[in-house]
Amino acid sequence: MSETGSSNAKPLNYDQLNEFFEQQGILSSAAEVHGILTGMVASGASLKGEDWLTLLSDLIHEGQSFKHAVKKQLIEMAADVCASMRDPDLGFNLLLPSDHESLVERLGCMIGWVQSYLVGFGVNQTNLAGLSDDVREVIDDMVEIAKLDFAVDDDEEGERAYYEVVEYLRISAMLCFNELGQRAGTDCVTNKVLH
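First things first, this report covers the structure right here in the doc. Since the model is a prediction, treat every value here as computed from it, not as a measurement.

## Thoughts on the overall build of the protein chain
Of the regular secondary structure elements, the protein chain holds seven helices and zero strands. Secondary structure elements of the protein chain, listed N to C terminal, follow the sequence α-α-α-α-α-α-α. Looking at the protein chain residue by residue over its 195 residues, the buried ones come to 51%. The contacts of the protein chain with a sequence gap of at least 6 include a subset with a gap of at least 24, amounting to 77%.

Here it is, written out as structure tokens:
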């Protein structure tokens, strides 16, 4: 559950991506970048051309142009999000640290993911009144989750609670995509096809 992937692409590795973004001077963590991309895709944002990359640079790179390697990585991540959102086997997963990391660290990254998801979602869907009750409810829930200050014990109960929230976020993101991303006819074209 800690790594994202689809059946026809190599799974994204949280640690490697986090290190890559750090080395490239990107201020956001891999979880935050993935959250923003997921929010954009789930809300029906178009990934054609370069506009989405420009918007992303405003959100995670102080408006500076991305280096070629970063652009390439972001395009691959966006394609992965699109493919996994469309996966009939519900293959979409949040990109979070693996289970060997402390629960505190994983919770922090999960909060960063959901906060970033809301940012990515909000740049495309500014009027929640026009959305279905289900989507409005999950967005409201995500806003509450994003505000939480988790103080949990690193025990079995804490782990179970963490996985329940991650699973809820996973299903909620797919619900948003099914209503908005699919309806908007978002073809998730990122000028790259992953095989």
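## What about a nonpolar patch on the surface?
Taken together, the side chains of Leu59, Val119 and Val123 present a nonpolar region at the surface, about 190 Å² in accessible area. Relative to the assigned elements, Val123 resides in the loop between α5 (103-122) and α6 (133-147).

## What to know about the pattern of salt bridges
Within this structure, the stated rule accounts for seven salt bridges. The partner of Lys147 in a salt bridge is Glu144, with the nearest N and O atoms 3.3 Å apart. One end of the pair, Lys147, and the other, Glu144, are both in helix α6, three residues apart, so they sit about a helical turn from each other. The class of Glu144 is partly exposed, set by a relative accessible area of 45%. With a shortest N-O distance of 3.9 Å, Arg160 and Glu156 are connected by a salt bridge. One end of the pair is Arg160 and the other is Glu156, both in helix α7 (residues 156-181) and four residues apart, which spans about a single turn.

## Things to note about unusual backbone geometry
Of all residues except glycine, most have a negative phi; of all peptide bonds, most are trans. The residue Glu62 is not glycine, and still its phi comes out positive at about 50°. Within the secondary structure, Glu62 is located in the loop between α3 (51-60) and α4 (68-86). Given the relative accessible area of 62%, Glu62 is considered exposed. Backbone geometry places Leu90, a non-glycine residue, at a positive phi of 55°.

## Some details on the packing of aromatic side chains
Going through the model one piece at a time under the given rule, you end up with four aromatic pairs. Each ring, one from Tyr117 and one from Phe121, has its centre 5.9 Å from the other, and the planes form 25°; the classification is stacked. Placement of both Tyr117 and Phe121 in helix α5 is noted, with a separation of four residues, approximately one turn of the helix. Phe121 gets classed as buried once you look at its relative accessible area, which sits at 2%. The rings of Trp113, Tyr117 and Phe121 are connected pair by pair, giving a single aromatic cluster.

## Some details on the nonpolar core
Met110, Trp113 and Tyr117 are the most contacted members of the largest nonpolar core, which has 59 residues in total. For this core, the secondary structure elements donating two or more residues are α1 (14-23), α2 (30-42), α3, α4, α5, α6 and α7. When residues no more than four places from it in sequence are discounted, the contact partners of Tyr117 are Gly35, Ile36, Thr38, Gly39, Ala42, Ile139, Met142, Ala173 and Cys176.

## A short note on α3
For α3, the set of buried residues is Trp52, Leu53, Leu56, Ser57 and Ile60. The buried side chains of α3 occupy one side of the element, clustering within an arc of 140° when seen end-on. Where α3 is buried, its residues contact α2 and α4. At the C-terminal side of α3, Glu62 shows a positive phi close to 50°.

## A closer look at the environment of Ser46
If you trace the backbone, Ser46 turns up in the loop between α2 and α3. A polar side-chain atom of Ser46 sits 3.2 Å from the main-chain amide nitrogen of Lys48.

## Some points on a negative patch on the surface
Together, Asp15, Glu19, Glu22 and Glu105 line one region of the surface with negative charge. Looking at the negative patch, the element that brings in the most residues is α1, giving three residues. You can see Glu105 is positioned in helix α5. Using a relative accessible area of 36% as the deciding quantity, one classes Glu105 as partly exposed.

Cut-off values and rules
Counting restarts for each chain, with residues numbered from 1 along the sequence as it is written. Thresholds applied to this predicted model are a pLDDT of at least 70 for local features of residues and 80 or more for the giving and counting of side-chain atom pairs; totals over whole chains, interfaces and linings are not thresholded and use all residues. Computation of side-chain values covers all heavy atoms of the structure but excludes hydrogens and water. Where helices and strands are cited, they refer to DSSP runs of H or I of at least four residues and of E of at least two residues respectively, numbered from the N terminus. Throughout this description, buried means an accessible area under 20% of the type-specific maximum (1.4 Å probe, protein chains only), exposed means over 50%, and partly exposed covers the range between. Any pair of residues with heavy atoms lying within 4.5 Å of one another is described as a contacting pair. Candidates for patches are residues over 30% relative accessible area with no salt bridge; among them, like charges are joined within 9 Å and nonpolar side chains (Val, Leu, Ile, Met, Phe, Trp, Tyr) within 5 Å. For the accessible areas, the method is Shrake-Rupley and the probe is 1.4 Å, while residue cover comes only from the protein chains on display. In what follows, salt bridge is the name for a side-chain nitrogen of Lys or Arg lying within 4 Å of a carboxyl oxygen of Asp or Glu. Between the rings of Phe, Tyr and Trp (Trp by its six-membered ring), a pair exists once the centres lie within 6.5 Å; its type follows the angle of the planes, with under 30 degrees stacked, over 60 edge-to-face, and the other angles tilted. Throughout, nonpolar core names a set of buried Ala, Val, Leu, Ile, Met, Phe, Trp, Tyr and Cys residues whose side chains join them through atoms within 4.5 Å. This arc describes the spread of directions from the helix axis toward the C-beta atoms. Between N or O atoms, a polar contact is any pair within 3.5 Å; within protein, one atom must be a potential hydrogen donor and the other a potential acceptor, and residues adjacent in sequence are included only when both atoms are from side chains. In this count, Lys and Arg are taken as positive residues and Asp and Glu as negative ones, while His and the chain termini are left out. Here the site of a charge means NZ on Lys, CZ on Arg, CG on Asp, or CD on Glu.

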